[in-house]
Structures are given as structure tokens and as C-alpha cells.
Amino acid sequence: MDDVRDVRDVRDVGERDREAVSRFVERFAAQLTEAGMQRMAARVFSCLLASDGGAMTSAELGAALRISPAAVSGAVAYLAQVNMVSREREPGSRRDRYVLHNELWYETFTRRDQALTRFEQTLREGAADLGTDTPAGARVAETAAFFEFLQHEMHGLMDRWRTHRAGLGLP
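(A) Molecular detail of the nonpolar core. Counting residues in hydrophobic clusters, the biggest one holds 26 residues, and the most contacted among them are Met37, Val44, Phe45, Cys47, Leu48, Leu61 and Leu79. Counting only elements with at least two residues in this core, the list comes to α2 (18-34), α3 (39-50), α4 (58-65), α5 (69-81) and β3 (96-100). Apart from residues no more than four positions distant in its own chain, Met37 is found in contact with Leu32, Ala42, Tyr78, Leu79 and Met84. Core analysis: the next-biggest nonpolar cluster, separate from the first, contains six residues, Leu116, Leu123, Ala127 and Val140 among them.

(B) The arrangement of the pairing of β3 in detail. When you tally the buried positions in β3, you get five out of five residues, the bulk of the element. Here β3 shows a buried face lined by Asp96, Tyr98 and Leu100 and a second buried face lined by Arg97 and Val99. As paired elements, strand β1 (residues 55-57) and β3 share three bridges and run antiparallel to each other. Counted as the bridge partner of Thr57 is Arg97 from β3. Note that strand β2 (residues 85-89) and β3 share five bridges and pair antiparallel. The residue bridging Arg89 from the neighbouring strand is Asp96, located in β3. Where β2 folds back on β3, the antiparallel hairpin that results is connected by six residues, among which Gly92 adopts a positive phi of roughly 75 degrees.

The rules behind these values
Residue positions within a chain follow its written sequence, with the count starting from 1. Reporting in this predicted model follows two pLDDT cut-offs: at least 70 for local features of residues, and 80 or more for side-chain atom pairs to be given and counted; totals over whole chains, interfaces and linings ignore these cut-offs and use all residues. In computing side-chain values, all of the structure's heavy atoms are included and hydrogens and water are not. For the purposes of this section, nonpolar cores are sets of buried Ala, Val, Leu, Ile, Met, Phe, Trp, Tyr and Cys residues that join through side-chain atoms within 4.5 Å. Each residue's exposure class comes from its accessible area (1.4 Å probe, protein chains only) as a fraction of the maximum for that residue type: buried when under 20%, exposed when over 50%, partly exposed otherwise. Runs of H or I in DSSP of at least four residues are treated as helices and runs of E of at least two as strands, each being numbered from the N terminus. Contact criterion: two residues are considered in contact whenever any of their non-hydrogen atoms come within 4.5 Å of each other. Strand pairing is assigned whenever DSSP identifies at least 2 bridges connecting the two strands.

Written out as C-alpha cells, the structure is:
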């Protein structure tokens, strides 16, 4: 077993069963991949999520997942592009650490909401261009209405989540 991996596992996983952690990482990564995320990005994200600090270096990720530096680089580039991780410089070092964002899911859904706003606007314009009295125009108008509804519900859902989360006493 790789020395870097051993150090990472001891420091980050503590007394947890390494195999159980690895199974969780791979299982959740597979679910993210099935939902449309790139496979390697899903594995890197899951590994960061399972780490106590929520941050790891490229070498730590490579060792923990047994993947090449190029695979780590591509995965973190994708995750940074979709704002799921950020790159931070390790104090006193030239090494970067890849860090999960605080309130990750909230940020992800907020960005999705921004995309829904753009979709809705384009669909409304498309419905007008197609003619709302045509089958295609009516279908596009209904899709725009669905996105508007979804956005409204998402805002209320996120407000209810914040209230619920506060009651859970989570850090």
C-alpha cells in the first residue's frame, strides 16, 4: 500500500474502516455518475465529501483513489468549473488543496436556479416565436411555466431547509 495513502487515511479517516469509507466513496460516485456527472469528477467529489477536512491535495486524492495526477487534474478542473470545489494554496507551500464549498448543495441548487431562469426566458421567447396557438408553441409555453413553478418552489424549499438545518444543531 502507498505510504501517502496510509498517512492520508490515518490522518483523515481516523478510526473509521478504510474499506467502508472506500465503498461509500465508490457507491456515491456511481450514483453521481448515473445522474450525469463525469465519472472521475464524481469519485474526486465523493472522496472530498468523505474526508473530515473537506479538502485534499492532488497527491492525496490520487493516492486515496489510486488515480493518476492527470485524472485528478481533469476532475478538479471540472468540479471547479461547476463551482463544487475551489483551489486554495496550502500555507507555506506551493501545493494546492481542493476544498469543498460551504453550503455546497445550496450553492449547487442556486446555480441551477439561475440556469432555470435563463431557460424560462428563452422558452417564453420561443413560445411567442412559435405561436402559442400552435402545438409546439403551447408545449414550449407549458415548459416555461414548469420552470417558473420549479424556481418558485425551489426558493421556498431552500428557505425551509435553512430553518430545518438550524433546528438540527449541525455545525
